Amino acid sequence: MTQGTADERAVSGPFVELDAQLRIDGYRPGRPASHIAADDELVCTLHACRRCRATRLQYRPYLQSAQNGPRRYRMLAVCRLCGEAEEF
Ligand SMILES: [Zn+2]
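Rules and cut-offs
Residues numbered from 1 in each chain as written. Predicted model: local features only at pLDDT ≥ 70, side-chain atom pairs only at ≥ 80, totals over all residues. Helix = DSSP H or I, 4+ residues; strand = E, 2+ residues; numbered from the N terminus. Contact = placed C-beta atoms within 7 Å. Buried ≥ 20, exposed ≤ 12 C-beta atoms within 10 Å, placed from the backbone. Core = buried A, V, L, I, M, F, W, Y, C linked by C-beta atoms within 7 Å. Pairing = 2+ DSSP bridges. Axes fitted to C-alpha atoms, helices over the stretch in contact; angles between N-to-C directions.

A. Structural detail: the overall build of the chain. Tallying secondary structure elements over the chain gives two helices and four strands in all. What you see in the chain, going N to C, is helices and strands ordered as α-β-α-β-β-β. Residue pairs at least 24 apart in sequence account for 57% of intrachain contacts in the chain once pairs closer than 6 positions are excluded.

B. Summary view of the environment of Leu81. Mapped onto the secondary structure, Leu81 falls in the loop between β3 (72–78) and β4 (85–87). Overall, the presence of 14 C-beta atoms within 10 Å leaves Leu81 in the partly exposed class. Between the alpha carbons of Leu81 and Leu57 there is a distance of 8.9 Å; along the sequence they are 24 residues apart. Contacts of Leu81, omitting those with residues within four sequence positions, involve Cys52 and Ala54.

C. Spotlight on the nonpolar core. Core analysis: the largest hydrophobic core is formed by 13 residues, its most contacted members being Leu57, Leu76, Ala77, Val78 and Ala85. Contributing elements (two or more residues each) for this core: α1 (14–24), β2 (58–64) and β3. Per element, the largest residue contribution to this core is four residues, and it comes from β3. Contact partners of Leu57, with chain neighbours within four places excluded, come to Cys44, His47, Cys49, Ala77, Val78 and Cys79.

D. Seen up close, unusual backbone geometry. Residue Arg53 is not a glycine yet carries a positive backbone phi of 70°. Assignment of secondary structure puts Arg53 in the loop between α2 (34–46) and β2. By C-beta crowding, Arg53 is classed as exposed, having 10 other C-beta atoms within 10 Å. The backbone phi angle of Arg56 is positive, close to 60°, even though this residue is not glycine. Relative to the assigned elements, Arg56 resides in the loop between α2 and β2. Arg56 gets classed as partly exposed once you count the C-beta atoms within 10 Å, which come to 14.

E. Examining the sheet that holds β4 more closely. Taken in spatial order, the four strands of this open sheet run β1-β2-β3-β4, and their pairing is antiparallel. This sheet does not close on itself; its edge strands, each paired only once, are β1 (27–29) and β4. Shown here is a sheet whose adjacent strand axes are inclined to one another by a mean of 30°, direction ignored. Sheet analysis places β3 next to β4, joined by three bridges and oriented antiparallel. By the bridge assignment, Val78 is partnered in β4 with Ala85. On top of the sheet, α2 reaches β2 and β3; it is set at about 140° to β2, its chief contact.

Spelled out as structure tokens, the structure:
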């Protein structure tokens with residue numbers, strides 16, 4: 001599993017806005033349990049960008065740090081070509 005510095009490059013547009021909102025909500029980049037991450041990464045790979053129709057969207061998982069109970073999880077799918085981002 002690669003956790004690359006290249007993946008940390010900022011793209012302008014929807015991703016930046018969604019990322020900022022997640023951070024305001026207390027989420028930080030982080031991977032959930034490996035079987036969940038694998039499933040959702042596959043969804044991103046197969047999903048087509050709603051703007052440019054490119055596939056192989058980038059999987060960007062976030063975890064919310066909680067004092068009690070299970071950590072909540074959200075994910076973004078980010079287009080590598082045009083920077084479009086969707087929350088799943
Ligand atoms: Zn796109």
